[in-house]
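Inside the fold
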Amino acid sequence: MKETILVTGGAGYIGSHIVVELARAGYAPVVLDNFANSTPAVMSRLQALAGRPVPLVTADVRDAVALRSAFHDHPIAAVVHCAGLKAVGEAEGRPLAYYDVNVGGAIALAEVMGEAGVATLVFSSSATVYGQPDDLPVTEDAALRPHNVYGRTKRVVEDFLRDLAHANANWRIAILRYFNPAGAHSSGMLGEASRGRPNNLVPLLCKIAAGELAEVAIYGGDWPTPDGTGIRDYLHVQDLAEGHVAALSYLAAATGAITLNLGAGSGHSVLEVIAAFEASCGRKITRVMSPRRPGDVACYYADPARAEAILDWRAKRDLGTICADAWRWQKNGGRY
Ligand code: NAD
Ligand code: UDP
């Protein structure tokens, strides 16, 4: 058995897939979550897929007292920090809440990790930190110009983690910038359990195919792309989870902070995603053309070369697999 890894936000969409991949790789994951955007019902699925008990710490990541207890009660060797608030639109109206949880949570965690002598951290950042990129594919050296509150909370945490690693050579930190995580666990037992109307494209298509929503509004058919719709880099959530396992194994023999893009390295338009989803579910997706969504960009996709070289990781699952797995999860109910 390898080390014990604390996964904050481990009951959430991405964190739950990381927990399963960690267990598969022989680690002993421990979940910390306050269920702000998830439910304890995920835990029995996690234990079944992990094939071992997965301890749960029900706590807010900003609560230093609760964090100290978690480090006292479990032999934690490293942390994967996924806990946070992620609704881009909501963040614009609630900046204080977003800075408090995303930035305040990371500070409280780093402080308690320091006290506990645990210095290995993998952080969930986002390609949102780039804003509108000048060049494609987007490399890690691109300018950071987040054009929303959510992206700025991620940039602040990134800066502070790099400063931390600079100030104290004990830290081993991997900052992972996710592109567009999508899909669900191939078992159909884990996925994104959206509350209310989903914002992201693939979960929305699931609800439409299931008859829960009527149609998808395509946000702009006049972008400077081959078919006029926006292009993004969709990354299967299990590929993303495997990237975290690779990052932990890299950090075992590294020091300092490293920043890596996790993306598939190629883009798909909204129309391509809809076509792939229709092929997976065998149903027609009704769509209407709508104006562009404020803050959207035409096209971005990752240059994942650094992650491939350093972590020996690459996305293995294609868009068809993303859609098929998302649809399987939806057919199983799409919730816990
Ligand atoms: P999610 O909402 O499904 O998971 C986040 C988890 O954190 C939830 O279980 C939630 O209950 C928990 N949480 C929230 N606030 C907390 C707090 N104060 N204390 C403890 N737990 C708390 O979101 P996700 O999609 O799994 O995202 C995980 C991480 O990845 C987030 O940091 C998010 O910003 C980042 N990210 C997500 C995407 C994406 O498209 N899903 C893209 C880039 C980055
Ligand atoms: N999109 C869309 N209609 C929707 C939701 C999304 O046309 O209802 C488009 C969006 O403009 C972008 C792509 O789908 O080009 C992915 O959007 P999503 O919100 O999933 O991810 P983002 O890249 O914005 O984080």
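Residues numbered from 1 in each chain as written. Chains lettered and ligands numbered in written order. Predicted model: local features only at pLDDT ≥ 70, side-chain atom pairs only at ≥ 80, totals over all residues. Heavy atoms only, no water.

1. Section: the overall build of the protein chain
What counts, and what does not: Helical segments are the DSSP runs of H or I of at least four residues, strand segments are the runs of E of at least two, and each set is numbered from the N terminus. Relative accessibility decides the category of a residue: with a 1.4 Å probe and only protein chains considered, values under 20% of the type maximum give buried, values over 50% give exposed, and everything between is partly exposed. Pairs of residues are marked as contacts when any of their non-hydrogen atoms sit within 4.5 Å. The Shrake-Rupley method, run with a 1.4 Å probe sphere, supplies the accessible areas, and residue values consider only the shown protein chains as cover.
Along the backbone of the protein chain there are 11 helices and 13 strands. Counting only C-alpha atoms, the protein chain reaches 55 × 40 × 40 Å along its principal axes. Classification of the 336 residues of the protein chain by burial places 54% in the buried group. Put simply, 79% of the contacts in the protein chain that link residues at least 6 apart link residues at least 24 apart. Within the structure as shown, the protein chain displays about 13700 Å² of accessible surface, and the carbon and sulfur contribution to it stands at 51%.

2. Brief notes about the site of ligand 1
For clarity, the threshold we go by: Each residue is tested against the molecule or strand, and it is near if at least one of its non-hydrogen atoms lies within 4 Å. N or O atoms within 3.5 Å of each other form a polar contact, as long as, within protein, one can give a hydrogen and the other can take it, and as long as residues adjacent in sequence are counted only when both atoms are side-chain atoms. Only Asp, Glu, Lys and Arg are considered charged, only Ala, Val, Leu, Ile, Met, Phe, Trp, Tyr, Cys and Pro nonpolar, and every remaining residue, Gly among them, polar.
Among the 26 residues in the neighbourhood of ligand 1, the closest are listed as I14, D33, N37, S38 and Y150. Measuring from a nitrogen atom of ligand 1, one finds a backbone N or O atom of V61 at 2.9 Å. Contacts to ligand 1 include Y150, whose side-chain N or O atom sits 2.6 Å from an oxygen atom. For ligand 1, the accessible surface in isolation is 820 Å², of which the surrounding protein chains cover 95%. Contributing elements (two or more residues each) for the shell around ligand 1: α1 (13-24), β5 (120-126) and α6 (149-167). Take the shell around ligand 1: its biggest share by element is three residues, from β5. In terms of residue class, the shell around ligand 1 is made up of 13 nonpolar, nine polar and four charged.

3. Brief notes about the packing of helix α9 (residues 270-281) against helix α11 (residues 319-331)
Going by this rule: Note on method: axes are straight lines fitted to C-alpha atoms, helices fitted across the in-contact stretch only, with angles between N-to-C directions ranging 0 to 180 degrees. Each angle receives one of four descriptions, namely roughly parallel if under 35 degrees, roughly antiparallel if over 145, roughly perpendicular if within 65 to 115, and oblique otherwise. Less than a right angle of anticlockwise turn of the near helix away from the far helix marks a crossing as left-handed, whereas a clockwise turn marks it as right-handed.
In the contact formed by α9 and α11, the axes pass within 9 Å of each other and the chain directions differ by 55°. In terms of orientation, α9 lies oblique with respect to α11. Handedness of the crossing formed by α9 with α11: right-handed. The residues of α11 that touch α9, namely those facing E272, V273, A276, F277, S280 and C281, are L319, G320, C323, A324, A326 and W327.

4. Focus on the confidence of the model for the protein chain
Predicted coordinates in areas of low pLDDT are best not read in detail. The following threshold applies: pLDDT measures the predictor's confidence residue by residue and takes values from 0 up to 100.
Per-residue confidence for the protein chain averages 97 on the pLDDT scale, and 100% of its residues sit at or above 70. Of all secondary-structure elements in the protein chain, the lowest mean pLDDT belongs to helix α4 (residues 88-93), at 92, while strand β1 (residues 4-8) reaches the highest, 99.

5. Here we look at the packing of helix α7 (residues 201-209) against α9
Across the interface, α7 lies against α9 with an axial gap of 11 Å and an inter-helix angle of 40°. Considering their axes alone, α7 and α9 lie oblique with respect to each other. Where α7 crosses over α9, the handedness of that crossing is right-handed. In this structure, α7 uses L201, V202, L205, C206 and A209 to contact α9, whose residues at the interface are V270, V273, I274, F277 and C281. Of the residues contributing to the contact of α7 with α9, the split by class is 10 nonpolar, no polar and no charged.

6. Focus: the environment of H166
With respect to the helices and strands, H166 occurs in helix α6. Residue class for H166 comes out exposed when judged on its relative accessible area of 74%. Remark: the alpha-carbon pair of H166 and G15, spanning 151 residues in sequence, is separated by 27 Å.

7. Comments concerning the state of the cysteines
Working definition: the covalent bond between the sulfur atoms of two cysteines is a disulfide. Note the threshold: Here, two cysteine sulfur atoms that lie within 2.5 Å of each other are counted as a disulfide.
All told, the structure shown has zero disulfides when counted by the stated rule. The thiol of C281 is not disulfide-bonded; the next cysteine sulfur, from C206, is found 8.6 Å away. The cysteine C299 is free of any disulfide, with C323 supplying the nearest cysteine sulfur at 18 Å.

8. What about the sheet that holds β1?
Cut-off, in case you're wondering: Here, strands pair whenever DSSP counts at least two bridges between them.
As summarised here, the arrangement of the seven strands in space is β3-β2-β1-β4-β5-β6-β11, forming an open sheet in which the pairing is parallel. Either end of the sheet is taken by a strand with one partner, and the two such strands are β3 (56-58) and β11 (256-262). In this sheet, adjacent strand axes meet at a mean angle of 20° when their direction is disregarded. Here strand β6 (residues 172-178) runs beside β11; their pairing, made up of seven bridges, is parallel. Within β11, the position partnered with Y178 by the bridge is L262. Sheet contacts for helix α8 (residues 237-251): β1, β4 (76-81), β5, β6 and β11; angle to β6, the most-contacted strand, approximately 160°.

9. A short note on the packing of aromatic side chains
Under the convention used in this document: Each aromatic pair joins two rings of Phe, Tyr and Trp (for Trp, the six-membered one) with centres within 6.5 Å, and gets the label stacked for planes under 30 degrees apart, edge-to-face for over 60, and tilted for any other angle. Charge over a ring is defined by NZ of Lys or CZ of Arg lying within 6 Å of the ring centre and within 35 degrees of the ring normal.
In this structure the tally under the stated criterion is four aromatic pairs. Taking the centre distance of 6.1 Å and the plane angle of 80° together, the rings of F277 and W327 count as edge-to-face. A residue pair is termed long-range when its members are at least 10 positions apart, and F277 in helix α9 and W327 in helix α11 qualify at 50 residues. The same class applies to F277 as to W327, namely buried. Consider the rings of W329 and Y336, whose centres lie 5.1 Å apart with planes at 50°: the pair is tilted. According to the relative accessible area criterion, W329 is buried, its value standing at 4%. Among the aromatic residues, those joined into a cluster by ring pairs are Y130, F179 and Y300. Above the ring of W223, the side-chain terminus of R292 is found at 3.9 Å from the ring centroid.

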